[in-house]
Protein chains: 2
Amino acid sequence: MFNNRVKIKELLTWQPEQQQVTVMGWVRTFRNNQFVALNDGSTNNNVQVVLELGKFNDDLLKRITTSAALKVKGTVIPSLGKGQTLEVKADEVEILGDSDAEKYPLQPKKHSLEFLREIAHLRFRTNTFGSVFRIRHALAFAVHQFFNNKGFIYLHTPIVTASDAEGAGEMFRVTTLPFDNPPRKEDGSIDYAEDFFGRSTNLTVSGQLEGELGATAFGEIYTFGPTFRAENSNTARHLAEFWMIEPEMAFHDLEDNANLAEEFIQYLIRYVMENNADDLEFLRQRLLDEEKQKPQNERSEMDLIQKLEFVVNNKFERITYTEAIDILLQSPHYKKKKFQYDVKWGIDMQSEHERYLVEKHFKKPVIVTNYPADIKSFYMRQNDDGKTVAAMDILAPGIGEIVGGSQREERLDKLEQRMKDMGVPSEELWWYLDTRRFGTVPHAGFGLGFERMVQFVTGMGNIRDVIAFPRTPKNAEF
Amino acid sequence: MFNNRVKIKELLTWQPEQQQVTVMGWVRTFRNNQFVALNDGSTNNNVQVVLELGKFNDDLLKRITTSAALKVKGTVIPSLGKGQTLEVKADEVEILGDSDAEKYPLQPKKHSLEFLREIAHLRFRTNTFGSVFRIRHALAFAVHQFFNNKGFIYLHTPIVTASDAEGAGEMFRVTTLPFDNPPRKEDGSIDYAEDFFGRSTNLTVSGQLEGELGATAFGEIYTFGPTFRAENSNTARHLAEFWMIEPEMAFHDLEDNANLAEEFIQYLIRYVMENNADDLEFLRQRLLDEEKQKPQNERSEMDLIQKLEFVVNNKFERITYTEAIDILLQSPHYKKKKFQYDVKWGIDMQSEHERYLVEKHFKKPVIVTNYPADIKSFYMRQNDDGKTVAAMDILAPGIGEIVGGSQREERLDKLEQRMKDMGVPSEELWWYLDTRRFGTVPHAGFGLGFERMVQFVTGMGNIRDVIAFPRTPKNAEF
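Predicted, not measured: the structure shown is a model, and the values here were computed from it.

Moving on to the environment of L155 of chain A. You can see L155 of chain A is positioned in the loop between β6 (153-154) and β7 (160-161). Taking the relative accessible area as the measure of exposure, L155 of chain A reaches 2% and is therefore buried. Between the C-alpha atoms of L155 of chain A and I221 of chain A, which are 66 residues apart in sequence, the distance is 6.4 Å. Setting aside anything within four residues of it in sequence, one finds L155 of chain A in contact with E210, G211, G214, I221, Y222 and T223 of chain A together with F124 and A468 of chain B.

Within the largest apolar cluster, 242 residues are counted, with the highest numbers of intra-cluster contacts made by M349 of chain A together with M349 of chain B. The residues contacting M349 of chain B, other than those within four sequence positions of it, are Y321, A324, I325, L328, E354, L357, V368 and Y371 of chain B.

Next up on the list: helix α9 (residues 304-313) of chain B. Residue and element names in this part refer to chain B. Every buried residue of α9 is accounted for by L304, I305, L308, V311 and V312. Mapping the buried residues of α9 onto a view down its axis gives an arc of 125°, with all of them on the same face. Looking at the buried side of α9, the elements it contacts are α7 (254-275), α8 (277-291) and α15 (450-458). The residue sitting at the N-terminus of α9 and contributing the capping side-chain oxygen is D303; that oxygen lies 3.0 Å from the backbone nitrogen of I305.

On to the packing of helix α5 (residues 127-149) of chain B against α8 of chain B, then. All names here are of chain B. Here α5 crosses α8 at 130°, and the two axes come no closer than 9 Å. In terms of axis orientation, α5 runs oblique to α8. For α5 against α8, the interelement crossing comes out left-handed. On α8, the residues that touch N127, T128, S131, V132, R134 and I135 of α5 are D279, L280, F282, L283 and R286.

With that out of the way, let us pick up the packing of aromatic side chains. Given two aromatic rings, their pairing is described by the distance between the two centres and the angle made by the two planes. Counting across every chain of the model gives 62 aromatic pairs over all chains. With centroids separated by 4.8 Å and ring planes inclined at 40°, the aromatic side chains of F147 of chain A and F264 of chain A adopt a geometry described as tilted. With F147 of chain A in helix α5 (residues 127-149) and F264 of chain A in helix α7 (residues 254-275), this pair connects stretches of sequence that are 117 residues apart. A relative accessible area of 0% means that F147 of chain A is categorised as buried. Pairing F147 of chain B with F152 of chain B gives two aromatic rings, centres 5.0 Å apart and planes at 45°, and the pair type is tilted. Taking the relative accessible area as the measure of exposure, F152 of chain B reaches 2% and is therefore buried. Taken together, F124, F129, F133, F469 and F478 of chain A together with F218, F378, Y379, W430, W431 and Y432 of chain B form an aromatic cluster joined through their ring pairs. For the cation-ring pair, K387 of chain A lies above W345 of chain A, with the distance from its terminal atom to the ring centre recorded as 4.7 Å. Over the face of the ring belonging to F456 of chain B we find K307 of chain B, whose NZ or CZ atom lies 4.6 Å from the ring centre.

Relative to the helices and strands, I190 of chain B resides in the loop between β8 (173-175) and β9 (201-203). The class of I190 of chain B is buried, set by a relative accessible area of 7%. Between the C-alpha atom of I190 of chain B and that of L177 of chain B, which follows or precedes it by 13 residues, the distance is 9.7 Å. Among all residues touching I190 of chain B, those that are not within four sequence positions of it are F179 and D180 of chain A together with L177, P182, P183, R184 and K185 of chain B.

Moving on: the pattern of salt bridges. For the coordinates displayed, the defined rule picks out 59 salt bridges over all chains. The salt bridge partner of K7 of chain A is E220 of chain B, with a shortest N-O separation of 2.4 Å. Separated into two different chains, K7 of chain A in the segment before α1 (8-14) and E220 of chain B in strand β10 (residues 220-228) make up a pair that spans both. Here E220 of chain B falls in the buried class, since its relative accessible area comes to 5%. Between K294 of chain B and E291 of chain B there is a salt bridge, with the nearest N and O atoms lying 3.7 Å from each other.

The subject of this paragraph is the relation of the copies chain A and chain B. With an axial shift of 0.0 Å and an RMSD of 0.0 Å, the rotation relating chain A to chain B amounts to 180°. Both copies are brought into coincidence by an operation consistent with a two-fold rotation axis. Using C-alpha coordinates, one finds that chain A approaches the rotation axis most closely at V174 of chain A, a distance of 2.5 Å. Interface overlap between copies: 100% of the residues of chain A at the interface are likewise at the interface in chain B, consistent with a symmetric, same-surface contact.

With respect to the helices and strands, the residue L177 of chain A is situated in the loop between β8 (173-175) and β9 (201-203). Residues L177 of chain A and D191 of chain A, 14 residues apart in the sequence, show an inter-C-alpha distance of 9.5 Å. Those residues in contact with L177 of chain A that sit more than four places away from it in its chain are P183, I190, D191, Y192, E194 and D195 of chain A together with F179 of chain B.

Moving on: the domain arrangement of chain A. Residues and elements named next belong to chain A. According to the domain assignment, chain A consists of domain 1 (8-97) and domain 2 (125-170 + 205-465). Counting residues at the interface gives 7 residues for domain 1 and 9 residues for domain 2. In total, domain 1 and domain 2 occlude about 580 Å² of area from one another, counting both sides; carbon and sulfur atoms represent 19% of this. Looking only at domain 1, the three residues that lose the most surface to domain 2 are R28, N44 and S67, adding up to 64% of its buried area. Taken together, the links from domain 1 to domain 2 amount to 0 salt bridges.

A word on the sheet that holds β9 of chain B. Adjacent strands of a sheet pair through backbone hydrogen bonds, lying either parallel or antiparallel. In space, the 6 strands of this open sheet follow the order β7(A)-β9(A)-β8(A)-β8(B)-β9(B)-β7(B), with antiparallel pairing throughout. Two strands lie at the open edges of the sheet, namely β7 of chain A together with β7 (160-161) of chain B, each paired on one side alone. Across 2 bridges, β7 of chain A lies against β9 of chain A in antiparallel orientation. Following the sheet pairing, T161 of chain A is matched in β9 of chain A by N202 of chain A.

Glancing now at the pairing of β10 of chain B. All names here are of chain B. Burial within β10 is extensive, with 9 of its 9 residues counted as buried. Pairing between strand β6 (residues 153-154) and β10: 2 bridges, direction parallel. What sits directly across from Y154, in β10, is Y222.

Take the interface of chain A and chain B next. Contact residues are listed per partner, giving 124 residues for chain A and 124 residues for chain B. For the pair chain A and chain B, the two sides together bury roughly 9,900 Å², of which 64% comes from carbon and sulfur. Between R5 of chain B and E220 of chain A there is a salt bridge, with its nearest N and O atoms 3.8 Å apart. Between chain A and chain B we count 54 residue pairs in polar contact (both at pLDDT 80 or more) in total. In terms of residues, the side of chain A that touches chain B owes the most to one element, α5 of chain A, which gives 11 residues. For the side of chain A that touches chain B, the residue count by class is 61 nonpolar, 33 polar and 30 charged.

Overall, the predicted model of chain A reaches an average pLDDT of 95, with 99% of residues at or above 70. The ipTM value of the predicted complex is 0.97, and its pTM value is 0.97.

This brings us to the sheet that holds β6 of chain B. Residues and elements named next belong to chain B. Strand order in the open sheet formed by 8 strands is β6-β10-β11-β16-β15-β14-β13-β12, with mixed pairing between adjacent strands. The sheet is open, and its two edges are formed by β6 and β12 (317-320), each paired on a single side. Of the pairings in the sheet, the one linking strand β14 (residues 388-396) to strand β15 (residues 400-407) comprises 6 bridges and is antiparallel in character. Across the sheet, L395 pairs through a bridge with E401, a residue of β15. Contacting β13 (366-372), β14 and β15, helix α12 (residues 351-361) runs over the sheet at an angle of about 65° to β14.

To continue, consider unusual backbone geometry. Residue and element names in this part refer to chain A. A positive phi angle, close to 55°, is found at N32, a residue other than glycine. Looking at the secondary structure, you find N32 in the loop between β1 (20-31) and β2 (35-39). A positive phi angle is found at F251, which is not glycine, with a value near 65°. A residue is classified by how much of its surface remains accessible, and F251, at 0% relative accessible area, is buried.

Rules used throughout
- Residues numbered from 1 in each chain as written.
- Chains lettered and ligands numbered in written order.
- Predicted model: local features only at pLDDT ≥ 70, side-chain atom pairs only at ≥ 80, totals over all residues.
- Heavy atoms only, no water.
- Helix = DSSP H or I, 4+ residues; strand = E, 2+ residues; numbered from the N terminus.
- Buried < 20%, exposed > 50% of the residue type's maximum accessible area, 1.4 Å probe, protein only.
- Contact = heavy atoms within 4.5 Å.
- Core = buried A, V, L, I, M, F, W, Y, C linked by side-chain atoms within 4.5 Å.
- Arc of directions from axis to C-beta.
- Polar contact = N/O pair within 3.5 Å; in protein donor to acceptor, adjacent residues only side chain to side chain.
- Axes fitted to C-alpha atoms, helices over the stretch in contact; angles between N-to-C directions.
- Parallel < 35°, antiparallel > 145°, perpendicular 65-115°, else oblique.
- Left-handed = near helix turned anticlockwise from the far one by under 90°.
- Phe/Tyr/Trp six-rings, centres within 6.5 Å; stacked < 30°, edge-to-face > 60°.
- Lys NZ or Arg CZ within 6 Å of the ring centre and 35° of its normal.
- Salt bridge = Lys/Arg side-chain N within 4 Å of Asp/Glu carboxyl O.
- Least-squares fit on C-alpha atoms with pLDDT ≥ 70 in both.
- Domains from an automatic or database assignment.
- Buried area = accessible area lost by both parts, 1.4 Å probe.
- Pairing = 2+ DSSP bridges.
- Nonpolar A, V, L, I, M, F, W, Y, C, P; charged D, E, K, R; others polar.
- pLDDT = per-residue confidence, 0-100.

This is how it looks when you write it as structure tokens:
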């Protein structure tokens, strides 16, 4: 048995003065041949290990370099240094693993986020990414806790799929056929009947359609899994592989859907505020430092924690798409022709429009409902006006769309007509239509992009910095 | 707002006598034009809705068919029927969705599991699959709770990857290249530099290697995500897409690893016993009924719940691979030549050998350690005997291997030599080797096949019956 250490986070909370403890971790700094700042990843806070002068031999001291791994047995004593209440006076020090300080890619200086992306396997060892990924963990746990408390069933919808939920997305093919000499049919086309699954298959873009199958049996379900878009978008907002949470609820209408989404987002933020105060404080400070580079008028009015407090303490604004367009048309911004893209009823709002609404006009998250049918998916419930559907998007300051959802079209005839109009093949979706044939119910659901949520809570500007190993065009390293 | 119902599970627990409630759900049965058994998926238990004779018109009564969706407002009254303590006397009944009883694929009779697989979109509405998927949910939540309580970080390792953790598995290609006329290099080979990720990419077979990157920064992490095997295995034990849990711990050796795995499995089972008693009882009875078809001598000595109690209340047996082989060689089974495959030191034990050990010899879960190096992966820690590695498998009665893990080789020179010997390309895994270069530490981890765990707890014999929409050779329906 090797694992008899106390985690540094526990040690700092627990404060077992005068007791013998074993700590293990990696060296952050080593000062005066005497003071080791040791970190084990449980918190950004290091524990100071004190090596009595003369007690340890020079060979050992030389091996205490940045990122070397140590096992220390020692006694917990009160600390005289500032910023820490205790330290560990070392009785025994063992080098578990050396680290050549000159070759170690993480030098004791500030590295750019771009550089750290290239060494994503080591960036977890920095304070920034330590905080980001501990918060990512906390958010993921909070997701499960929120839905479990409400009696939702976690459904693992398939990753490899023959269907395309959005009816449009660019998808990745999944195949075991050889590129050299693939099997062909008589007409020369590729014979996917010979492929592993006996048909053409892709990576899922959404678990929603399968989620609806669960909701119409269990009442309320959610998914939380990876989804994929083969879009050639090299932006700070897009990933080819990302995680999505998709609750789907029978007996819910659009208003219930919006209520749940708002409660959910507020719950997640509150959970992190209660469980990751140290990490949030670090990121708040980090963001303030970053903003100091900007001119005064581009800096945020609120710091990270103030922004989160504001979101949990205020109701989200709720407006219809039609109202949103009116606000944009009457805005000084529009009148001064500051929007790059045109504004009129029927447009798919661009990022600049959404940001204007949430950041300039309302200054808080906004739920926009009842979008034009023409810009939305086939499964959304048709409103009585004949031109809008019961869709909703939630727009967040600094992020844009964070949630997209709708009440689903539960009426078989209307759904079939719409699929026909939009060219969605109803034979392939026979199972989806069955839910409308046998005891259909009003139901609704939404999707939350998990990385966008992590961005919102951590204040990280680039989505590649909130997922462990980002997948983007021309990049699948690690 | 539509969602003002009380869930049937809550109603049956809460028992608000004489109060007005709204329930919604699907009709299981309708007797005597009077008694509706209504189910909403929150539990297998139906609530009985009583329609006073003469109060509702015939048109409405005719539409109350199996699987029709109802909204009922009524008063909670004590029930005189057996097996239920309350019922709802209906004041208002609304048909939310009709169901043509003759066309409804789930007829009120016993369907085979094979048939239900073909209508996997509806099988959630049966008692068997209701229980299985509520337990699957409970197990998934317990996984997160177990690790969160211990301070592990949930890491989302990539699904699309250029590396092959096992060094061997058959993998699915992920691509956006066209089969017709793919880009080729001068030598005629496919030019994967033109593919979406700029290289040849696959679906992951394991998140372990990336998990180790997390463990050597955060100390303790776990993954819980989909993994893939393009094996053409049409058995009751294999899926092409399945979910795996992979914890990875710095500062752990093989014994710590085994301790954690045992504690984890017992925690999961205990969680279900405490939270899903009704569902377990249903499945216990189901299994007893199933076993009645078997001859007496093939029936289990313990029923489902007794088996689970036995596992949580007894320490797992721990033996080395060498001891396991000795037991097999000395068994009456071997001496009577009843094993199909040969037994000798060095073999990769077959399912029949593992089952003999756990089901006949020890009659409980067994942790087998220190396997021959030749049959194990490159990353496992080499033991001092020069022929075994610090691997461990956990074998469970009725399931076989449920956990596979090891202490990892943390010594750079030994790891590099082994990769060379086994032909694992070390250039591609530069990032993996970096963890051994900069502060390497003893560490260990394991993988738990989630579906096997669900099988073990639910007693379902076929792995296709514990995942929502199974992916197997020639099958990617739904």
